[in-house]
Amino acid sequence: MNIIVCVDTNWGIGNHGRLLVNIPADKRLFKEKTTGGVVLGGRKTMEGLPGGTTLKGRKNIVLTSRKDYVFGDAVVVHSMDEALYELKKYSSDQVYIIGGEKVYREFLPYCDTAYVTKVDYRYEADTFFSNLDESGEWEMTHDSEEQTYYDLEYYFTIYRRKL
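Owing to the predicted nature of the structure, the values given are computational and were not obtained by experimental measurement.

Reading the values: the criteria
Residues numbered from 1 in each chain as written. Predicted model: local features only at pLDDT ≥ 70, side-chain atom pairs only at ≥ 80, totals over all residues. Heavy atoms only, no water. Pairing = 2+ DSSP bridges. Helix = DSSP H or I, 4+ residues; strand = E, 2+ residues; numbered from the N terminus. Phe/Tyr/Trp six-rings, centres within 6.5 Å; stacked < 30°, edge-to-face > 60°. Buried < 20%, exposed > 50% of the residue type's maximum accessible area, 1.4 Å probe, protein only. Salt bridge = Lys/Arg side-chain N within 4 Å of Asp/Glu carboxyl O. Arc of directions from axis to C-beta. Contact = heavy atoms within 4.5 Å.

Looking at this structure, I do not really get the sheet that holds strand E9 (residues 127-128). What am I missing?
The strands making up a sheet are joined through hydrogen bonds of the backbone, oriented either antiparallel or parallel. Pairing is antiparallel in the open sheet, where three strands are placed in the order E3-E2-E9. Across the chains shown, the open sheet's two edge strands, defined by having one partner strand only, are strand E3 (18-19) and E9. As defined by bridge partners, strand E2 (residues 12-15) adjoins E3 across two bridges and the pair is classed as antiparallel. Residue pairing for E3: Asn15 is matched across the bridge by Arg18.

Quick look at the structure:
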């Protein structure tokens with residue numbers, strides 16, 4: 001399975017339920033990677049998607065404890081076990097975990113690739129992603145040339161779980 005995330009220099013991912021930054025090239029990468037695949041996110045993450053509905057061209061799975069929850073044409077699961085059972089229906093390399101913080105934390109042990117857009121700025125954040133640079137289990141296998149969006153510098157990186 002894959003994880004796809006945008007982090008700041010402190011591995012922050014959000015503040016007060018919102019993304020820290022919106023970079024058009026990061027959104028394009030997200031769309032390019034996930035289209036035709038499966039995206040799994042928590043309820044708040046999925047409700048925060050553009051248009052407030054499921055992502056087109058992808059199988060959407062929502063993880064929530066709300067038993068009566070419905071979100072567009074998404075498959076709704078209510079536990080890690082149920083989510084993992086549902087994900088067995090798909091090729092692991094086509095599955096992308098898209099957040100939020102708790103979902104990332106729960107699924108990270110099941111993933112072997114992480115697409116991390118690293119923004120060279122520290123935002124005020126209240127939600128974070130695991131610092132893969134400090135983990136002995138992960139290694140960066142790709143680091144793009146410096147990208148810029150106005151005066152913001154960022155990099156597209158790929159981390160792989162060490163065997």
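Would you mind going over the pairing of E2 with me for this structure?
Successive residues of a regular strand alternate their side chains across the two faces of the sheet. Here two bridges tie E2 to E9, and the two strands are oriented antiparallel to one another. Within the sheet, the bridge partner assigned to Gly12 lies in E9 and is Phe128. Hairpin connection of E2 to E3: two residues between the antiparallel strands, including His16 at a positive phi of 55°.

How do you make sense of the packing of aromatic side chains when you look at a structure like this?
Each pair of aromatic rings is reported with the distance of its centres and the angle of its planes. In total, this model carries nine aromatic pairs according to the counting rule given. Judged by centre distance (6.3 Å) and plane angle (10°), the rings of Tyr69 and Phe71 are stacked. Relative accessible area serves as the criterion here: at 12%, Tyr69 is assigned to the buried category. Centroid distance Tyr154 to Phe156: 5.5 Å. Interplanar angle 75°. Geometry classified as edge-to-face. For Tyr154, a relative accessible area of 3% puts it in the buried group. In this structure Phe156 comes out as buried when scored by relative accessible area, which is 16%. Cluster of aromatic residues (ring-pair linked, three or more members): Trp11, Tyr104, Phe129 and Tyr159.

Sorry if this is basic, but what is going on with the pattern of salt bridges here?
Between side chains of opposite charge, pairing is possible as soon as their charged atoms come close. Summed over the entire model, instances satisfying the criterion amount to four salt bridges. Where Arg43 meets Glu47, a salt bridge forms, and the shortest distance between an N and an O atom there is 3.2 Å. Linking Arg43 with Glu47, this pair stays in helix H2 (residues 43-47), spanning four residues, or about one helical turn. Residue class for Arg43 comes out buried when judged on its relative accessible area of 17%.

In this structure, what is going on with unusual backbone geometry? I would like to understand it.
The phi angle of most residues is negative, glycine excepted, and most peptide bonds adopt the trans form. Following Gly99, the chain continues to Gly100 via a peptide bond in cis, the omega torsion being 0°. With respect to the helices, strands and loops of the structure, Gly100 is situated in the loop between strand E7 (95-97) and helix H4 (101-107). One non-glycine residue, His16, adopts positive backbone phi at about 55°. Within the secondary structure layout, His16 lies in the loop between E2 and E3. Here the phi dihedral of Tyr150 falls at roughly 55°; this positive angle occurs in a residue that is not glycine. Considering the arrangement of structural elements, one finds Tyr150 in the loop between strand E11 (147-149) and strand E12 (152-161).

Please explain helix H3 (residues 80-87) as it appears in this structure.
Note on helix geometry: an α-helix contains 3.6 residues per turn, so any two residues three or four positions apart are oriented the same way. Buried residues of H3: Met80, Ala83, Leu84, Glu86 and Leu87, and no others. Buried residues in H3, looked at end-on, bunch into an arc of 160°, giving them a common side. Those residues of H3 that are exposed and angled more than 90 degrees off the buried face are Asp81 and Tyr85. In the core, the buried residues of H3 are packed alongside strand E4 (38-42), strand E5 (59-63), strand E6 (75-77), E7 and H4.

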